[in-house]
2 protein chains.
Amino acid sequence: MTKSKFENQEKSNHEHLVDTKMTRKYLAFSPSETVERIEDVLDFKAREFETIGYVYAIDENGILVGVVSLKQILQSKHGTQLKEIMNTNVISLKQHEHQERAVYVALKHGLKVIPVVDSEHRLLGVVTQKSILSIFHHEFRKNLFRTSGIKHVKEIESMDTPVFSLVKVRFPSLFIGMLGGLIAASIVTNFEHVLSSYIALASFIPVIVYLTDAIGTQSQTLVVRLLAIEPGFPVSRYVLREIKIGIILGFVFAAMLFVAEIVGWQQIKLGIVVGMAVFFSMIFQAFFSTYLSIALSRMKKDPAIASGPIATIISDVTTIAMYFAIAMMILQIF
Amino acid sequence: MTKSKFENQEKSNHEHLVDTKMTRKYLAFSPSETVERIEDVLDFKAREFETIGYVYAIDENGILVGVVSLKQILQSKHGTQLKEIMNTNVISLKQHEHQERAVYVALKHGLKVIPVVDSEHRLLGVVTQKSILSIFHHEFRKNLFRTSGIKHVKEIESMDTPVFSLVKVRFPSLFIGMLGGLIAASIVTNFEHVLSSYIALASFIPVIVYLTDAIGTQSQTLVVRLLAIEPGFPVSRYVLREIKIGIILGFVFAAMLFVAEIVGWQQIKLGIVVGMAVFFSMIFQAFFSTYLSIALSRMKKDPAIASGPIATIISDVTTIAMYFAIAMMILQIF
């Protein structure tokens, strides 16, 4: 279990490692301990433990060798030894894994509490259900606000947050977006000669930009999910599949836009330009968003950054540049 | 606790109500029951219960009157009665609340298990930590995929999902987006006479569309969070605050774009058009996204729909129409 690539990558960013979220107030005994003695400990100091749902068995070196649920302890005879009833196939997390792993391990295996071990498999602590839920909430909130271009500081979600504080958390991503928009504007201006001889080109800017952004967002969301759930997935096979999807969707939308253009605008050259631009920019964007997310995760950065305003700018600017470059080419040829 | 507006609204959509996610395998006794008897039950059949972390006290009518943690039970003397140690201030959920409330109640109050009661406060069941985590995961996934324009069917997140299945879940939102883009294209075409006499107008389409979409996404995310966390917030005060934020951000970006236009393009009329368009469309979008999300939630629809492709189309089309209408006005006046 938990042979994830995250493990080796996560050295920085210590505050989000699983060992910062664990408690040491759990029940652990030698495998030869009896149920009677464990019940005695519970009778005298159950409330000193943060979690009593599971009892862990550790050997003389502190190595985690088994686990028994409290329900099973309560139902077992007093003389029973831990090792007679324990489950030796214990699912655990390594101390330097990213905290988010706790959520997916809990979901996958239906666990309430997850033990955390070091590289020698010594038990260091456990992550309780409360921590798992709050880790999930933290990751959910971070992801949500990052994708929406809102700085995820505390105290955003309240009726009492003053207008100015909300302006402050919303301004930066809009500002970066505006800079990107100005770059896009200057690209369009540079192609003004193409545009003035073929004014209808302007009409299709929004739809091309929209489709490219949209396929990029989809690709990014899917790969970020997989990075969280199955961090060890085969990258090149995945990227290849994404390129195939990009080719299919790019082709379908190019064909539909070509037909729509012929029906609605009756300008065959423009139809070819729009179709080609959509085809190539959708493929490029599906590939680029996927690859950027994987690269960010390899660099120990949050892959969700790839959905932020900077990624949108790169997408918009390359799309518009590609559109006008194709337009210039096609209009010169024919 | 749990005096939410959701309660009255949620009649349809039964599969997502909290009472479909609860278990009836919990420990409940009369308030006069002794610790000894409870421990006996645990010794004989602990494993028949899905959750034993809390023991609930119910009166002769089944009404929930108190709760005691298992830790406290284990540490109490055998003769102690439940009513001597129980906490009478029990946090619970009403059976017809949306399942998502369980997550926020658990987070807010640090609860592992939440009892569910009917309108007479009779105990119907409990939502366990496992259910809370899986509800949260369901809501997280739904929200993530919906915002990204991916149909949230099962089996999306796997290396083994075939290309064609992935094309199918990604196609619909792109298609709707394309239709919107074609509407936008025909609007631009209708204003071609304005555009041909003022070709530089085309350059600013991407930045205006981007800023309007972006502020709308921010507004929508913030109000959807508040609807989940504090469903009973004062709507008109909230909308008013959002309009104020829209006015400030709209003004700031209008001013910056005006200056950028003057510096980079030196066309004062265009600067005025771009500034005015950004100002009005950002305010409108901040208001519209907020209002639409609240209205959807009142109609028992998922407010996150407001971040989907249809909302983006409405935003893009109104923004572009507004931009060209303002352009026509200003260019005629001067």
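Residues numbered from 1 in each chain as written. Chains lettered and ligands numbered in written order. Predicted model: local features only at pLDDT ≥ 70, side-chain atom pairs only at ≥ 80, totals over all residues. Heavy atoms only, no water.

Under the heading Subcellular location (unreviewed entry), UniProt records this for chain A: "Membrane". (UniProt positions renumbered as here; feature names shortened; annotations may be inferred.)

Draft legend 1. Expanded view of the packing of helix H5 (residues 100-109) of chain A against helix H9 (residues 205-229) of chain A. Residue and element names in this part refer to chain A. Running from N to C, H5 and H9 cross one another at 80 degrees; their axes reach a closest spacing of 9 Å. In this view, H5 runs roughly perpendicular relative to H9, as classed from their interaxial angle. When H5 is examined against H9, the residues Glu100, Arg101 and Tyr104 are found in contact with a partner set consisting of Arg225, Ala228 and Ile229. Of the residues assigned to the contact of H5 with H9, the class counts are 3 nonpolar, no polar and 3 charged. (Axes fitted to C-alpha atoms, helices over the stretch in contact; angles between N-to-C directions. Helix = DSSP H or I, 4+ residues; strand = E, 2+ residues; numbered from the N terminus. Parallel < 35°, antiparallel > 145°, perpendicular 65-115°, else oblique. Contact = heavy atoms within 4.5 Å. Nonpolar A, V, L, I, M, F, W, Y, C, P; charged D, E, K, R; others polar.)

Draft legend 2. Representation of the sheet that holds strand E2 (residues 54-58) of chain A within the structure. Residues and elements named next belong to chain A. Strand order in this open sheet of 3 strands is E1-E2-E3, and the pairing throughout is mixed. In this open sheet, the two strands that pair with only one neighbour each are strand E1 (27-29) and strand E3 (64-69). Along the sheet, successive strands turn relative to each other by an average axial angle of 30 degrees, direction set aside. For E1 and E2, the ladder comprises 3 bridges, and the chain directions are parallel. Bridging from a neighbouring strand, alanine 28 pairs with tyrosine 56 of E2. (Pairing = 2+ DSSP bridges.)

Draft legend 3. Spatial organisation of the UniProt feature "transmembrane region" (unreviewed entry) in chain A. Here the UniProt feature "transmembrane region" (unreviewed entry) sits at residues 169-188, 194-212, 245-265, 271-292 and 304-331 of chain A. A distance of 29 Å separates the end C-alpha atoms of residues 245-265 of chain A, which is 95% helix and 0% strand.

Draft legend 4. Representation of the interface of chain B and chain A in the model. At the junction of the two partners, chain B supplies 104 residues and chain A supplies 104 residues. Carbon and sulfur atoms make up 73% of the area that chain B and chain A hide from each other, which totals about 9200 Å². If you sort the residues of chain B by the area they bury against chain A, B:Met159, B:Arg170 and B:Leu174 come out on top, with a joint share of 9%. The tally of links between chain B and chain A comes to 4 salt bridges. Across the salt bridge formed by B:Glu242 and A:Arg170, the nearest N and O atoms sit 2.8 Å from each other. Inspection of the region where chain B meets chain A yields 38 residue pairs in polar contact (both at pLDDT 80 or more). (Buried area = accessible area lost by both parts, 1.4 Å probe. Salt bridge = Lys/Arg side-chain N within 4 Å of Asp/Glu carboxyl O. Polar contact = N/O pair within 3.5 Å; in protein donor to acceptor, adjacent residues only side chain to side chain.)

Draft legend 5. Broad picture of the domain arrangement of chain A. Per the domain assignment, the segments making up chain A are domain 1 (6-139) and domain 2 (179-333). On a C-alpha basis, the centroid separation for the pair domain 1 of chain A and domain 2 of chain A is 47 Å. (Domains from an automatic or database assignment.)

Draft legend 6. Main features of the pairing of strand E3 (residues 64-69) of chain B. All names here are of chain B. One ladder, built from 5 bridges, connects strand E2 (residues 54-58) with E3; its direction is antiparallel. Counted as the bridge partner of isoleucine 58 is leucine 64 from E3. With antiparallel pairing between neighbouring strands as the criterion, E2 and E3 make up a hairpin whose turn holds 5 residues, including glycine 62 at a positive phi of roughly 85 degrees.

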